[in-house]
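Structural features, examined
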Amino acid sequence: MDTPQLAQKPTTITFIGAGNMARSLIVGLLQDQANVVLRVADPDQQQLDAIRKHWPDVLATTDNLEAIQGADVVVLAVKPQIMREVTETLAEAAQRSRPLFVSIAAGIREEALNRWLGGNQAIVRCMPNTPALVQAGATGLYANTQVSDSQRSAAESILRAVGITLWFADEAKLDAVTAISGSGPAYFFLVMEAMQAAAEQLGIEAADAHLLIMQTALGAAKLAMESGELPADLRQKVTSKGGTTEAALKVLTSGGLHTLFAQALQAAESRSKELAAANS
Ligand SMILES: NC(=O)c1ccc[n+]([C@@H]2O[C@H](COP(=O)([O-])OP(=O)(O)OC[C@H]3O[C@@H](n4cnc5c(N)ncnc54)[C@H](O)[C@@H]3O)[C@@H](O)[C@H]2O)c1
C-alpha cells in the first residue's frame, strides 16, 4: 500500500508593488498551479482593485508591513527610485521574520538592498524582461551568500513561471544581462517599427505589413530556438547568391549594424552601472 503523502505547506509570496512586472509573475504562478499563497501591497487602489477583480484569492492591501507578515518570499517590484524608501520601512519587520527577498528592480545592487533592509538578509536580485507578460520572459538571477538552496529554488520557480531563467555567480554580470535581455525586447520592437515604415513605403497596407512582420519575427525566433542551428547558418539558408536577401543584408552590414549593436549594448551596460552607483 502506498504511504499517504503529507501535503506540502504552500509558500507565501508577497509582492511589494502591483504593477506590470508583478502582475505578470502572478499570472505565471497561477497558471503554473504553484503551491503558493499570494499577497500584494500597493498604495494605488486602482491596481489593487484590478488584482481583486481578476484574482479574488490574492490578498491585496495598501499596507506593506501587513503584507510581509509571515511571508516566505517578498518580491520587491517597485520602481528603482523608491526602492530605498520602501525597503527601509520594511527593515525592522524583516530583521525579525527573515524572508527571502527577490528584487526585480533594475540597477540596484544587493549590497544597497541589504543595507537598507538592516543587513544579513537573504537576497536574490534578478533582471526579467517584459515578454514575461506573455510567459516568454528571460531572467538573469544572482543570489547572495545568505540564500539557502531551498530559497534559491523558490526564487527560480517564481521567475521560471514566466519564462527561462539563468543564474550568474557574479552580480556585475547582471549589468550585461540588463543590456542584452532586459532592454533587448525594445531593440527587436525598434526593428519591427523600422520594417513597418519601410514596408508601407513599398506600398503595402499597414495592417498587412504588420501581420507579415509579426509572423516573420515569431517564425524567425521559433526557428532559431527549435532548429538547433546557429542564426548565422539560418541566415545563410535564406540568402541566395545574388538574390534579394543578399541585397538587403549588404545595406545593413555596410551601414554598420554590428558596430551599432556593440555600441548600443555597451551604452546600456554602462548606464546600468551608473544607475547602480547613483542608487547605492
Ligand atoms: N519594464 C521592464 O522592462 C522591466 C524589466 C526588468 C525589471 N523591471 C523592474 O521591475 C520593477 C517594476 O516595474 P514595472 O514596470 O512593473 O513598474 P510599474 O510602475 O508598473 O509598477 C510599480 C508599482 O509600484 C507601486 N508602488 C509605488 N509606491 C509603492 C510603495 N511605497 N509600496 C508598494 N508599491 C508601491 C506603484 O503603484 C506601481 O503599481 C522596476 O523596479 C523595474 O526596474 C522592469
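Residues numbered from 1 in each chain as written. Predicted model: local features only at pLDDT ≥ 70, side-chain atom pairs only at ≥ 80, totals over all residues. Heavy atoms only, no water.

Just so we agree on the cut-off: UniProt positions are given in the numbering used here, feature names are shortened, and annotations may be inferred rather than shown by experiment.
The protein chain goes by Pyrroline-5-carboxylate reductase in an unreviewed UniProt entry, where it is assigned to Thiothrix fructosivorans. For the protein chain, the Pathway (unreviewed entry) comment in UniProt is given as "Amino-acid biosynthesis; L-proline biosynthesis; L-proline from L-glutamate 5-semialdehyde: step 1/1." Quoted verbatim from the Subcellular location (unreviewed entry) field of UniProt, the annotation for the protein chain is "Cytoplasm".

Examining the pairing of strand S8 (residues 163–167)
Here is the rule: Paired strands, as defined in this entry, are two strands with at least two bridges between them according to DSSP. Secondary structure elements are defined from DSSP: runs of H or I of at least 4 residues count as helices, runs of E of at least 2 residues count as strands, and each element is numbered from the N terminus. By the criterion used throughout, a crossover qualifies as right-handed when its path from the first strand across the helix to the second strand runs clockwise, the strands pointing away from the viewer.
With five bridges joining them, strand S7 (residues 137–143) and S8 adopt parallel strand pairing. For Gly 140, the partnering residue across the bridge sits in S8 and is Leu 166. Each parallel crossover has a hand, and for S7 linked through helix H6 (residues 149–160) to S8 it is right-handed.

Here's the deal with the UniProt feature "domain: Pyrroline-5-carboxylate reductase dimerisation" (unreviewed entry) in the protein chain
Here, the residues flagged by UniProt with the feature "domain: Pyrroline-5-carboxylate reductase dimerisation" (unreviewed entry) are residues 171–275. Annotated as residues 171–275, this span is 83% helix and 0% strand, and its ends, taken at the C-alpha atoms, are 15 Å apart.

Concerning unusual backbone geometry
Applicable threshold: Buried, partly exposed and exposed residues are distinguished by accessible area as a fraction of the type maximum, computed with a 1.4 Å probe on protein chains only: under 20%, between the cut-offs, and over 50%, respectively.
Non-glycine residue Arg 98 carries a positive phi angle of around 50 degrees. The backbone of Asn 120 sits at a positive phi, close to 60 degrees, despite the residue not being glycine. Residue position: Asn 120 is located in the loop between helix H5 (110–116) and strand S6 (122–127). Classification of Asn 120 as exposed rests on a relative accessible area of 51%.

Let's talk about the packing of helix H7 (residues 173–182) against helix H8 (residues 184–201)
Inclusion rule: Under this scheme, a helix contributes an axis fitted over its contacting stretch, all axes are lines through C-alpha atoms, and angles between N-to-C directions fall in the 0 to 180 degree range. Geometric relationships in this document are graded by angle, where less than 35 degrees denotes roughly parallel, more than 145 denotes roughly antiparallel, 65 to 115 denotes roughly perpendicular, and other angles denote oblique. By the convention used here, residues are in contact when the closest approach between their heavy atoms is within 4.5 Å. When residues are sorted by character, Ala, Val, Leu, Ile, Met, Phe, Trp, Tyr, Cys and Pro go into the nonpolar class, Asp, Glu, Lys and Arg into the charged class, and all the rest, Gly among them, into the polar class.
In the contact formed by H7 and H8, the axes pass within 5 Å of each other and the chain directions differ by 30 degrees. The angle between the axes of H7 and H8 places the two elements in the roughly parallel class. Contacts between H7 and H8 involve Ala 179, Ile 180, Ser 181 and Gly 182 from the first element and Gly 184, Pro 185 and Tyr 187 from the second. Residue classes in the contact of H7 with H8 are distributed as four nonpolar, three polar and no charged.

With respect to the site of the ligand
Condition: Here a residue counts as near a molecule or strand whenever at least one of its heavy atoms sits within 4 Å of it. In protein, a polar contact means a hydrogen-donor-capable atom and an acceptor-capable atom, both N or O and within 3.5 Å, with residues adjacent in sequence counting only if both atoms are side-chain atoms; elsewhere, any N or O pair within 3.5 Å suffices. Each accessible area is a Shrake-Rupley estimate made with a 1.4 Å probe; only the visible protein chains count as cover when residues are assessed. For each structure, a 1 Å grid was placed over the protein atoms alone; sets of points admitting a 1.4 Å probe that cannot get out are labelled cavities, open sets with protein on both sides within 12 Å along at least five of seven lines are labelled pockets, and lining residues have an atom within 4 Å of a point. In this scheme, a molecule is assigned to a cavity or pocket if more than half of its atoms are within 2 Å of the grid points.
Contacts to the ligand come from 24 residues, most closely from Met 21, Asp 42, Gln 47, Val 78 and Ala 106. Met 21 is positioned such that a nitrogen or oxygen atom in its backbone is 2.9 Å from an oxygen atom of the ligand. In isolation the ligand offers 840 Å² of accessible surface; the protein chains occlude 79% of this area. When atom positions are compared with the pocket grids, the ligand is found to occupy the second largest pocket. Contributions of two or more residues to the shell around the ligand are made by helix H1 (20–31) and helix H4 (80–97). The leading source of residues in the shell around the ligand is H4, at three residues. Across the shell around the ligand, the residue classes break down as 15 nonpolar, six polar and three charged.

Some points on the confidence of the model for the protein chain
Stated formally: pLDDT runs from 0 to 100 and stands for how confident the predictor is about each residue.
With 98% of its residues at a pLDDT of at least 70, the protein chain reaches an overall mean of 95. Quick note on the complex model: pTM equals 0.92, ipTM equals 0.96.

Brief notes about the sheet that holds strand S3 (residues 59–61)
The strands that make up a sheet pair up through hydrogen bonds in the backbone, lying either parallel or antiparallel. An order of S3-S2-S1-S4-S5-S6-S7-S8 is seen for the eight strands of this open sheet, with the pairing classed as mixed. The sheet terminates laterally at S3 and S8, the two strands that pair on one side only. Strand after strand, the sheet turns through a mean of 20 degrees between neighbouring axes, direction not considered. Pairing geometry for strand S1 (residues 11–16) and strand S4 (residues 73–76), over four bridges, is parallel. Pairing of Ile 13 across the sheet is with Val 73, part of S4. Docked against the sheet, helix H2 (residues 45–54) engages strand S2 (36–41) and S3, running at close to 165 degrees with respect to S3. Its contacts with the sheet place H7 against S6 and S7, and it is angled at close to 175 degrees to S7.

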